[in-house]
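Report on the structure
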Amino acid sequence: MNGRADKLAKWVATKNYDSMKNIPHEIKRQPSFQEELEEGEVLMIDREETWMTPVMAYLASGALPEDKKDTKRICVNKDEEDSILEELHEGACGVYDGASKLVRKALLQGYYWPTMKEQATTLVKRCWPCQQHALVPRKQASEMKPIGSG
């Protein structure tokens, strides 16, 4: 499916319209959003419900979802962000995971905020037990070469 879109994009970029006569196309002289709509004509956008729908509704009108689990997903304030990550990282069931796994755990619990990855990385970098007991790479910097005598 993406292959067809790629070919079409490459074709448009070359502006060699004669080479692709078998592709139906229309050359617009002005952007379609500048065209006048006839009276009563409506441009409909088919929208399906996604995980973003409640978030967009909250941002647009402040309306919270009826399901408390969805409300909890939306309502994470700045003060809670660090405490959520710290609890997952070093709390009762924390196992001092790395940043990527920590973010994955938070997402599985239903939390999300835009700076999760950066905050998790910072948390792991400043965590003393993680730094003290982290695995040290044992791979040699370069291939070993034997040293022969004379």
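Let us look at the structure shown here.

Within the secondary structure, D97 sits in the loop between helix 4 (78–90) and helix 5 (99–108). Residue D97 is classed as buried on the basis of its relative accessible area of 11%. Among the polar contacts made by the side chain of D97, one reaches the side chain of K105 at a distance of 2.6 Å. Setting aside anything within four residues of it in sequence, one finds D97 in contact with H89, L102, K105 and V124.

Mapped onto the secondary structure, H89 falls in helix 4. Assessed through its relative accessible area of 0%, H89 is described here as buried. What H89 contacts, discounting residues up to four positions off in sequence, is G94, V95, Y96, D97, L102, L123, V124, C127 and C130.

Two elements in contact, helix 5 and helix 6 (residues 116–126), have axes separated by 8 Å at closest approach and are oriented at 130 degrees. Judged on the interaxial angle alone, helix 6 and helix 5 are oblique. Between helix 5 and helix 6 lies a crossing of right-handed hand. Between helix 5 and helix 6, the residues in contact are A99, S100, L102, V103, A106 and L107 and M116, K117, A120, T121, L123 and V124, respectively. For the contact of helix 5 with helix 6, the per-class residue count stands at nine nonpolar, two polar and one charged.

Counting 14 residues, the largest nonpolar core has I84, L85, L102, W113 and A120 as the members making the most contacts within it. Of all the secondary-structure elements, those providing two or more residues to this core are helix 4, helix 5 and helix 6. Ignoring anything within four residues of it in the chain, the contact list for A120 reads L85, A99, L102 and V103.

Conventions we followed
Residues numbered from 1 in each chain as written. Predicted model: local features only at pLDDT ≥ 70, side-chain atom pairs only at ≥ 80, totals over all residues. Heavy atoms only, no water. Helix = DSSP H or I, 4+ residues; strand = E, 2+ residues; numbered from the N terminus. Buried < 20%, exposed > 50% of the residue type's maximum accessible area, 1.4 Å probe, protein only. Polar contact = N/O pair within 3.5 Å; in protein donor to acceptor, adjacent residues only side chain to side chain. Contact = heavy atoms within 4.5 Å. Axes fitted to C-alpha atoms, helices over the stretch in contact; angles between N-to-C directions. Parallel < 35°, antiparallel > 145°, perpendicular 65-115°, else oblique. Left-handed = near helix turned anticlockwise from the far one by under 90°. Nonpolar A, V, L, I, M, F, W, Y, C, P; charged D, E, K, R; others polar. Core = buried A, V, L, I, M, F, W, Y, C linked by side-chain atoms within 4.5 Å.

The values reported here are purely geometric and, on their own, carry no functional implication.
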